[in-house]
Amino acid sequence: MVNVAANAPLLLSGVGGMRAVLSGDGVDFFIHELVPYNFFGHTVYLTTTHVCELIVIVGIIIFALVARHSIMHAKTVPTGMQNVVELLVETLEKYVRSAMGTHTKPSYVNYIGTIILLIFLCNISGIIGLRAPTADYGTTLCLAIFSVSMIQYNNIKHNKIAAFTSLFKPIPLLFPINLIGEFATVVSLSLRLFGNVMAGTVMIALYYGMLPIFAKIGIPAFLHAYLDVFSGAIQAYVFTMLTMVFITDKLEG
Amino acid sequence: MNSNITNEGLILACSAIGAGIAMIAGVGPGIGQGIAAGYGASAVGRNPGAKGDVTSTMLLGQAVAETTGLYGLVIALLLFYANPLLNRFLKL
């Protein structure tokens, strides 16, 4: 008789999600709990997600400081770093303008630019050996809540009272369904990003964990190129594009 | 008949089967993305100048169509690594 009960507590999930079940096999795509601390009576953990996200953020801050330095000492004929920064800013603005048209404001460009850089760098952080922070539902749920707050803020600011009465269109009977539709945006935005990045993380971890050493030379580069870089770029694009489409929809509705 | 299956073992086995069934959700997005890619290819064939716009629209539509499949994936991952049924059984 197999003693399952002895192994069962390993399957219990903590606040952070997934505990190691396969820890003996060298397959590791789980969120590790590093530093416990007490939060209003609950024991919560600083996890690998926090560490990897902080590394990504430090990278962004260093880039931002270098960019600031090069812009403060801007020349009429741009060279080197100034070229890169100007190209990035112009690309982001063109990207927002292509989706929002006449509704484009500098504040939207700031928000979309921030969030697309963060999501893209988080998604591709797998290629330098980090565990992608967006493969934790906590991260993507927060990002989705930010976006939906932005959408609803614009909705109420632009439509005033019509933002609430439009929930009763076309007939009042549909109010619950319309309300669920507004909140389903959070779930669909966050689960889409989480599911894609998590699927990539699991597949790469299975490849590294299950195969002999000679299969791990060279070949994973293609897996990383597709699952981290390509898929990550698509998801960053889709997340921001959907945010902009929803905001534009509210502004025109 | 005396079986050696424990209650936890039964829950784990059924969860594994359920996770497999949940991944059937991948069929729908596969068909949908294929249709989107096919129409995208024919649009580029008719109007090669609009390749950039067609590609970005196609990718956006495909990513949205993918969502239902990802719900299935999330449920499968949940059944494997954060099994709510087993937690509930152990609490009883």
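Residue positions within a chain follow its written sequence, with the count starting from 1. Each chain gets a letter, beginning with A, and each ligand a number, beginning with 1, in the order they are written. Owing to the predicted nature of the model, reporting of local features is limited to residues with pLDDT of at least 70; listing and counting of side-chain atom pairs is limited to 80 or more, with chain, interface and lining totals taken over all residues. Derived side-chain values reflect all non-hydrogen atoms in the structure, with water molecules and hydrogen atoms excluded from consideration.

Engineer: Teacher, can you tell me more about the packing of aromatic side chains here?
Structural biologist: Aromatic ring pairs: the centre-centre distance and the angle between the two ring planes describe each pair. Centres within 6.5 Å are what make two rings of Phe, Tyr or Trp a pair, Trp counting through its six-membered ring; a difference in plane orientation under 30 degrees is then read as stacked, over 60 as edge-to-face, and the rest as tilted. Taken as a whole and assessed by the stated rule, the structure comprises 9 aromatic pairs over all chains. Considering the side-chain rings of Phe29 of chain A and Tyr81 of chain B, the 5.3 Å spacing of their centres and the 80 degrees angle between planes classify their relative orientation as edge-to-face. With Phe29 of chain A in the loop between helix 1 (4-7) and strand 1 (33-39) and Tyr81 of chain B in helix 3 (residues 51-81), this pair bridges two chains. The classification of residues rests on relative accessible area computed with a 1.4 Å probe and restricted to protein chains. Under 20% of the type maximum is buried, over 50% is exposed, and intermediate values are partly exposed. Using a relative accessible area of 1% as the deciding quantity, one classes Phe29 of chain A as buried. Classification of Tyr81 of chain B as buried rests on a relative accessible area of 12%. Both rings, one in Tyr137 of chain A and one in Phe194 of chain A, keep their centres 5.6 Å apart while their planes meet at 70 degrees; by these two values the pair is edge-to-face. Segments assigned H or I by DSSP are reported as helices when at least four residues long, segments assigned E as strands when at least two residues long, and all are numbered from the N terminus.

Engineer: How should the pairing of strand 2 (residues 42-47) of chain A be read in this particular structure?
Structural biologist: Each regular strand carries side chains that alternate between the two faces of the sheet. Residue and element names in this part refer to chain A. Bridge analysis of strand 1 against strand 2 gives 6 bridges, and the strand direction is antiparallel. Looking across to strand 2, one finds that Pro36 is bridged to Tyr45. Note: two strands are recorded as paired if DSSP finds a minimum of 2 bridges between them. Where strand 1 hands over to strand 2, the hairpin turn is made up of 2 residues, of which Phe40 adopts a positive phi near 50 degrees.

Engineer: Sorry if this is basic, but what is going on with the packing of helix 2 (residues 48-72) of chain A against helix 3 (residues 80-100) of chain A here?
Structural biologist: For any two helices packed against each other, the geometry comes down to the angle between their axes and how far apart the axes lie. Residues and elements named next belong to chain A. Close contact between helix 2 and helix 3 brings their axes to 9 Å; oriented N to C, the two are set at 110 degrees. Considering the angle they form, helix 2 stands roughly perpendicular to helix 3. Contact residues: helix 2 offers Phe63, Val66, Ala67, Ser70 and Ile71, while helix 3 offers Met81, Gln82, Val85 and Leu88. Asp, Glu, Lys and Arg are counted as charged, while Ala, Val, Leu, Ile, Met, Phe, Trp, Tyr, Cys and Pro are counted as nonpolar; the rest, among them Gly, fall into the polar class. Counted by class, the contact of helix 2 with helix 3 contains 7 nonpolar, 2 polar and no charged residues. Where helices are involved, their axes are fitted lines through C-alpha atoms of the stretch in contact, as for all axes, and angles between N-to-C directions lie from 0 to 180°. Put simply, angles under 35 degrees are roughly parallel, angles over 145 are roughly antiparallel, angles from 65 to 115 are roughly perpendicular, and the rest are oblique. Any two residues whose heavy atoms approach within 4.5 Å at even a single point are treated as in contact.

Engineer: Sorry if this is basic, but what is going on with the packing of helix 7 (residues 175-210) of chain A against helix 3 of chain B here?
Structural biologist: At a minimum axis distance of 8 Å, the contact between helix 7 of chain A and helix 3 of chain B shows a crossing angle of 65 degrees. In terms of orientation, helix 7 of chain A lies roughly perpendicular with respect to helix 3 of chain B. As for how helix 7 of chain A packs across helix 3 of chain B, the hand of that crossing is left-handed. On the side of helix 7 of chain A, the interface is formed by Val187, Ser188, Leu191, Arg192, Phe194, Gly195, Asn196, Met198, Ala199 and Val202 of chain A, while helix 3 of chain B contributes Ala63, Val64, Glu66, Thr67, Leu70, Tyr71, Leu73, Val74 and Leu77 of chain B. Looking at side-chain class alone, the contact of helix 7 of chain A with helix 3 of chain B contains 13 nonpolar, 4 polar and 2 charged residues. Helix crossings are classified by the rotation of the near helix relative to the far one: an anticlockwise turn of less than a right angle makes the crossing left-handed, while a clockwise turn makes it right-handed.

Engineer: What should I look at first to understand the side chain of Asn83 of chain B in this one?
Structural biologist: Within the secondary structure, Asn83 of chain B sits in the loop between helix 3 and helix 4 (84-91). Polar contacts, as used here, are pairs of N or O atoms within 3.5 Å; protein pairs need one atom able to donate a hydrogen and one able to accept it. Residues neighboring in sequence count only if both atoms are side-chain atoms. Of the polar contacts made by the side chain of Asn83 of chain B, one reaches the side chain of Ser15 of chain B; its length is 2.8 Å.

Engineer: What is the right way to read the environment of Glu93 of chain A from this model?
Structural biologist: As for its placement among the helices and strands, Glu93 of chain A is situated in helix 3. Taking C-alpha positions, Glu93 of chain A is 8.1 Å from Gly113 of chain A, a pair spaced 20 residues apart along the chain.

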